[in-house]
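# Coordinate analysis (summary)
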Amino acid sequence: MLTVDSFVQFVEAYHERLRALTDLLNVLDNRIGDGDHGTNMARGFDAAVKKLHQSSLGDLGMSCSTLAMTLISTVGGASGPLYGTAFLKLSTVWKGLKSVDGDSLRRGLTASLEGIQARGKAVPGDKTMVDVWYAMTSYLHQNDPFSSEVWNQAVETAQQAAVETKDKIAKKGRASYLGTRSVGVCDPGSVSSAVLFEELIHSFTGGALRLEWETLALY
Ligand code: ADP
Ligand code: MG
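Now for a look at the structure at hand. (Residues numbered from 1 in each chain as written. Chains lettered and ligands numbered in written order. Predicted model: local features only at pLDDT ≥ 70, side-chain atom pairs only at ≥ 80, totals over all residues. Heavy atoms only, no water.)

We now examine the overall build of the protein chain. If you tally the helices and strands in the protein chain, you get eight helices and two strands. In sequence order, the protein chain lays out its α and β elements as β-α-α-α-α-β-α-α-α-α. Principal-axis analysis of the C-alpha atoms places the extent of the protein chain at approximately 45 × 35 × 30 Å. Counting every position in the protein chain, which comprises 219 residues, the buried fraction comes to 53%. Summed over all atoms, the accessible surface of the protein chain reaches about 9,300 Å², with 51% contributed by carbon and sulfur. Of the charged side chains in the protein chain, 21 are positive and 24 negative, and the gap between their average positions amounts to 7 Å. (Helix = DSSP H or I, 4+ residues; strand = E, 2+ residues; numbered from the N terminus. Buried < 20%, exposed > 50% of the residue type's maximum accessible area, 1.4 Å probe, protein only. Areas by Shrake-Rupley, 256 points an atom, 1.4 Å probe, with all protein chains shown as cover. Lys, Arg positive; Asp, Glu negative; His and termini not counted. Charge placed at Lys NZ, Arg CZ, Asp CG, Glu CD.)

Our next topic: the coordination of the magnesium ion (ligand 2). Within the protein, D29 (OD), D34 (OD) and D36 (OD) serve as the donor atoms for the magnesium ion (ligand 2), at 2.0 to 2.2 Å. Along the chain, the residues donating to the magnesium ion (ligand 2) are arranged with the sequence spacing D-x4-D-x1-D. (Donors = N, O, S within 2.8 Å, 3.2 Å for Na, K, Ca; no water.)

Time to look at helix α3 (residues 60–74). In this model, α3 (15 residues) spans 21 Å end to end at C-alpha, consistent with the 21 Å of a helix rising 1.5 Å per residue. L60, G61, S63, C64, T66, L67, A68, T70 and L71 are the residues of α3 that are buried. Contact partners of the buried residues in α3: β1 (2–3), α1 (4–32), α2 (37–54), α4 (79–93) and β2 (99–100). Capping the start of α3, D59 holds a side-chain oxygen 2.8 Å from the backbone nitrogen of G61, two or three residues further along. (Expected span 1.5 Å × (residues − 1). Contact = heavy atoms within 4.5 Å. Polar contact = N/O pair within 3.5 Å; in protein donor to acceptor, adjacent residues only side chain to side chain.)

This next bit is on α1. Its 29 residues give α1 an end-to-end C-alpha distance of only 37 Å, which falls more than 12% under 42 Å, the value for a rise of 1.5 Å per residue. A maximum bend of about 60° is found in α1 at L21. (Bend = angle between axes of the 7 residues up to and from the residue.)

The subject of this paragraph is the side chain of R106. Topologically, R106 is positioned in helix α5 (residues 102–120). Each residue touching R106, except ones within four places of it in the same chain, is listed here: L140, H141, D144 and F146.

Here we take up the site of ligand 1. Lining the immediate surroundings of ligand 1 are 20 residues, of which A78, S79, G120, D187 and G189 lie closest. Residue S79 places a side-chain N or O atom 2.6 Å away from an oxygen atom belonging to ligand 1. A distance of 2.9 Å separates an oxygen atom of ligand 1 from a polar atom in the backbone of G189. Burial of ligand 1 by the surrounding chains reaches 92%, relative to a free accessible area of 570 Å². Listing elements by their share of the shell around ligand 1, those giving two or more residues are α2, α4 and α8 (188–205). In terms of residues, the shell around ligand 1 owes the most to one element, α8, which gives three residues. Along the lines of polarity and charge, the residues of the shell around ligand 1 split into five nonpolar, nine polar and six charged. (Near = heavy atom within 4 Å. Nonpolar A, V, L, I, M, F, W, Y, C, P; charged D, E, K, R; others polar.)

All quantities given are derived from atomic positions and should not be read as evidence of function.
Next up, the structure:
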């Protein structure tokens, strides 16, 4: 179950992870983009934690829309509107709900993926965050009913998809300007998305493996 309180705890925990991973995400983006992805995300989620604490959040829909609007106005870059769209879509699926179950979570994440793709036009394999959102949601669609094992496996599938972007050629976003020279570096938005799922599913089930991303050969 995810409640308003555990959703806010998720945002706080993800913000802490982003603070710890800012340099790594910037290094990845520096290799195949402009070097700001870690800074962008940490800034946006810092603002989001503050905004969520100041707001009276009646339900999960309001919590997600407050997060979305803050991300859209503070993250910047390509990723701000994309993460903002993801949480706006979640807010419409979770409108009026005080808690969500596994089915609502899967429906929400599926709507988020559709929103990210409608906005950014990327398909799975283009070496963007879509690779990770697609891996996560398609695992959940193929593995019903939802046990904690299924949630953990879904997160591991998302982590693996992020690591596998290393060998892909970027087809969307700044990294696509490099063509085949984008091979050999993991996509920073895929890594930040996999970490998001580590924390979201941890808030939802109390489980989910957290990778030590700094120790992996991501570039
Ligand atoms: P910018 O590229 O504008 O500097 P960021 O560095 O914050 O923005 O974010 C880069 C990330 O955004 C990429 O690693 C990629 O995952 C994601 N991204 C960029 N363009 C797209 C797109 N069209 N569709 C999906 N994701 C994208
Ligand atoms: Mg960037």
